[in-house]
Amino acid sequence: MVQSSPTVIRLVDLPEEAGRTTATLLSSLAMRLVTLHYTSGVSVIGSIIAGLSEAGREFRGTVEGRRFLRAFDKAGITKNGELIWESLRIADWARGLPPSPVLDHIRNDLALLLAEDLQEAMSAVPLPPESRYAGHQPKREDANFLDCLLGLLVYSRELTRSIEVLAEGHQEDTNTVEQHSGIRDGDAILR
């Protein structure tokens, strides 16, 4: 039996970017949570949609991204998706809002799970205020970290599988070679 070596996750700050510390990563997360208490849900969701769209535009520049776009066209889902976006004015909703850097946020937040000095960094971080809705909720089991993490896993798997199924049977041969810029095929999730 061949034993595989364990996966090693390396957290790397790109040379052209400012270095991150556990305290700065934690402060970023805490400030996003604090901001939620003072921002409308419309603005938050619109900013996330704008951020996802920006990440998609970057991914479109990759071989895999262009392959998915062609598959979506062949499957006939592009037309319906664009009709939904136009009719419900989703683009108008997100247009005036700054795109949330969704990939940076998830990478940074996941990096916190690997931080060895997290406990020390907690003392210097502004904490979000207590929820004003805490006393007005029906009784149910509290949300917790591990359930949320597993929920994200299930959600991302379902979303990934669903999008892949939409493109299934419509993708071109994967041996096609194209030049591209932006996100590189095979980029790591955590950098």
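What counts, and where the lines are drawn
Residues numbered from 1 in each chain as written. Predicted model: local features only at pLDDT ≥ 70, side-chain atom pairs only at ≥ 80, totals over all residues. Heavy atoms only, no water. Core = buried A, V, L, I, M, F, W, Y, C linked by side-chain atoms within 4.5 Å. Buried < 20%, exposed > 50% of the residue type's maximum accessible area, 1.4 Å probe, protein only. Helix = DSSP H or I, 4+ residues; strand = E, 2+ residues; numbered from the N terminus. Contact = heavy atoms within 4.5 Å.

Quick look at the nonpolar core
Counting seven residues, the largest nonpolar core is built from Leu25, Leu26, Ala30, Ala111, Leu112, Ala121 and Val125. Elements that contribute at least two residues to this core include exactly α1 (22-36) and α6 (102-112). It is α1 that contributes the most residues to this core, three residues altogether. Residues in contact with Ala121, not counting those within four places in the same chain, are Thr22, Ala23 and Leu26.

Regarding unusual backbone geometry
Here Arg89, not a glycine, exhibits a phi torsion of approximately 55 degrees, which is positive. The topology assignment puts Arg89 in the loop between α4 (77-87) and α5 (90-95). Given the relative accessible area of 57%, Arg89 is considered exposed.

Some details on α6
The α-helix advances 3.6 residues per turn, and as a result positions three or four apart in sequence lie on the same side. Of all the positions in α6, only Val102, His105, Arg107, Asn108, Asp109, Ala111 and Leu112 are classed as buried. Contact partners of the buried residues in α6: α1, α2 (41-60) and α7 (118-122).

Let's talk about the environment of Leu103
Along the polypeptide, Leu103 turns up in helix α6. Counting along the chain gives 52 residues from Leu103 to Gly51, while the straight-line C-alpha distance between them is 8.4 Å.

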